[in-house]
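Examination of the molecular architecture
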Amino acid sequence: MTEGSNTNGVSRRNILTAAAVGSAATAAAAFGTAASAQASGAQPAAGAGRVAVVTGSSRGIGAATAKRLAKEGFKIAVNCRVNRDLAAAVVKEIEGAGGEAIWEQADVRDPVQVRRLFEATERAFGGVDVAVANAGVMSLAPFSTMSDEDFDTMIDTNVKGSFNTLREAANKVRDGGRIIAISSSIVQLRSPTYGPYAASKASMEIYASILAKELAGRKISVNAIAPGLVATSLFLDGKTNEQVAGFAQRTPHGRIGEPADIAATIAFLCSQDGWWVNGQTIYSNGGVI
Ligand SMILES: NC(=O)c1ccc[n+]([C@@H]2O[C@H](COP(=O)([O-])OP(=O)(O)OC[C@H]3O[C@@H](n4cnc5c(N)ncnc54)[C@H](OP(=O)(O)O)[C@@H]3O)[C@@H](O)[C@H]2O)c1
């Protein structure tokens, strides 16, 4: 038997193509997209009329993600823990550019507040199609001097807070949607002083790969993104200009990342073309590892 045919004379390639188009149609139907998208096999997620919740989006990577997804046509729920003015400013910028957004103060460490964030989004926009578990904190110290308080805050925010977000996402994100957890390239780099932070971020990669399997059949793609060094207060605070320049030099692309670089990777996963990436960790870091 030659490749491409079976004993009934039906092209094996045709069978595979039919199966693929069938699953595309299911996802497209779930997202209510045009027949042309189904015919091309494109997988819907991105854009007009869809709704995205981005935790920790008052500044840094989250704010850039909120603005980028708004540009792609998503309605956005911006979230902060304390910086209400910054969250409101992100909403204002999105609205100024013709988009739609709300902001909601919610501490991701508290499951009740996270539920409230998702419910407020559903009330405002009718549903949720994308959830980005981005809120995170970092404290650095060698094992010998890491304080209990800093350790607990990182675990509560990064491990428990992201779990709270992903649990809501698992229940609320509509079929055909996307769920993204923000890991860190430090999971691979493993530099001194990053022990508990790197351990907390490794959990994002485990969460994403397991949740992707749990949501089988719903056409929802779940992934982790692991940024490298990104110019936000989380990374820059406490570092000298010389130290930052040193990091830039060690990056093949010659600079550290900007929040918009990570937002672009997130936007790709939220696009139709991103659908087939599922259960993975994408290292988005300019080649630093
Ligand atoms: N920057 C990097 O180099 C880098 C590299 C790899 C991974 N990451 C990851 O990327 C994510 C974003 O980091 P970033 O650099 O953009 O940090 P950032 O500039 O410090 O911003 C952190 C954001 O998270 C929010 N947040 C913190 N704790 C929260 C809580 N308990 N509940 C709700 N929101 C909370 C903050 O809200 P408020 O403004 O209200 O405080 C803020 O919006 C984090 O998960 C981080 O681990 C960053």
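Computed from a predicted model, the values in this text were never measured in an experiment. (Residues numbered from 1 in each chain as written. Predicted model: local features only at pLDDT ≥ 70, side-chain atom pairs only at ≥ 80, totals over all residues.)

**Some details on the site of the ligand**
Gly56, Gly60, Asn83, Gly136 and Thr232 are the nearest of the 34 residues found near the ligand. For the shell around the ligand, the secondary structure elements donating two or more residues are helix H3 (60–71), strand S2 (75–80), helix H6 (148–172) and helix H9 (233–236). Per-class residue counts for the shell around the ligand are 14 nonpolar, 15 polar and 5 charged. (Near = placed C-beta within 6 Å. Helix = DSSP H or I, 4+ residues; strand = E, 2+ residues; numbered from the N terminus. Nonpolar A, V, L, I, M, F, W, Y, C, P; charged D, E, K, R; others polar.)

**Describing the packing of H6 against helix H8 (residues 195–214)**
Each pair of packed helices gets described by two things: the angle between the helix axes and the distance between those axes. Two elements in contact, H6 and H8, have axes separated by 9 Å at closest approach and are oriented at 15°. Here H8 runs roughly parallel to H6, going by the angle between their axes. Of the two elements, H6 crosses H8, and the hand of that crossing is right-handed. For the pair formed by H6 and H8, the contact residues are Phe151, Met154, Ile155, Asn158, Val159, Ser162, Phe163, Leu166 and Ala170 on the first element and Pro196, Tyr197, Ser200, Lys201, Ser203, Met204, Tyr207, Leu211 and Glu214 on the second. For the contact of H6 with H8, the residue count by class is 12 nonpolar, 4 polar and 2 charged. (Axes fitted to C-alpha atoms, helices over the stretch in contact; angles between N-to-C directions. Parallel < 35°, antiparallel > 145°, perpendicular 65-115°, else oblique. Left-handed = near helix turned anticlockwise from the far one by under 90°. Contact = placed C-beta atoms within 7 Å.)

**Observations regarding the pairing of strand S4 (residues 128–133)**
With 6 of 6 residues buried, S4 lies mostly within the body of the structure. Alignment of strand S1 (residues 51–54) against S4, held across 3 bridges, turns out to be parallel. Residue alanine 52 lies in a different strand from S4, and its bridge partner there is valine 130. Handedness of the crossover joining S4 and strand S5 (residues 173–182) through H6 is recorded here as right-handed. (Buried ≥ 20, exposed ≤ 12 C-beta atoms within 10 Å, placed from the backbone. Pairing = 2+ DSSP bridges. Right-handed = clockwise from strand over helix to strand, strands pointing away.)

**Some remarks on the sheet that holds S5**
The 7 strands lie next to each other as S3-S2-S1-S4-S5-S6-S7, forming an open sheet whose pairing is parallel. Every interior strand has two partners, whereas the edge strands, strand S3 (101–105) and strand S7 (281–284), have only one. Averaged over all pairs of adjacent strands, the angle between their axes in this sheet comes to 20°, without regard to strand direction. The sheet contact formed by S5 and strand S6 (residues 221–227) spans 5 bridges and is parallel. Within S6, the position partnered with isoleucine 179 by the bridge is valine 222. Taken strand by strand, helix H4 (residues 84–96) contacts S2 and S3, and its axis lies near 170° from that of S3.

**Side note on the nonpolar core**
Of all hydrophobic cores here, the largest spans 69 residues; its most connected members are Ala52, Ala66, Ile76, Val78, Ala131, Ile179 and Ala181. Each residue touching isoleucine 76, except ones within four places of it in the same chain, is listed here: Ala52, Val54, Ala66, Leu69, Ala70, Ile94, Gly99 and Ala101. (Core = buried A, V, L, I, M, F, W, Y, C linked by C-beta atoms within 7 Å.)

**Regarding the packing of H3 against helix H11 (residues 259–270)**
Relative orientation of the contacting elements H3 and H11 amounts to 50°, with a least axis distance of 8 Å. In terms of orientation, H3 and H11 fall into the oblique class. Both H3 and H11 take part in a crossing whose hand is right-handed. Counting all contacts with H3, which are made through Gly60, Ile61, Ala63, Ala64, Thr65, Arg68 and Leu69, the residues of H11 involved are Pro259, Ala260, Ile262, Ala263, Ala264, Ile266, Ala267 and Cys270. Grouping the constituent residues of the contact of H3 with H11 by class yields 12 nonpolar, 2 polar and 1 charged.

**Here we look at unusual backbone geometry**
Even without glycine at this site, arginine 190 takes up a positive phi of about 55°. Residue placement: arginine 190 occurs in the loop between helix H7 (186–189) and H8. Here the phi dihedral of threonine 193 falls at roughly 80°; this positive angle occurs in a residue that is not glycine. If you trace the backbone, threonine 193 turns up in the loop between H7 and H8.

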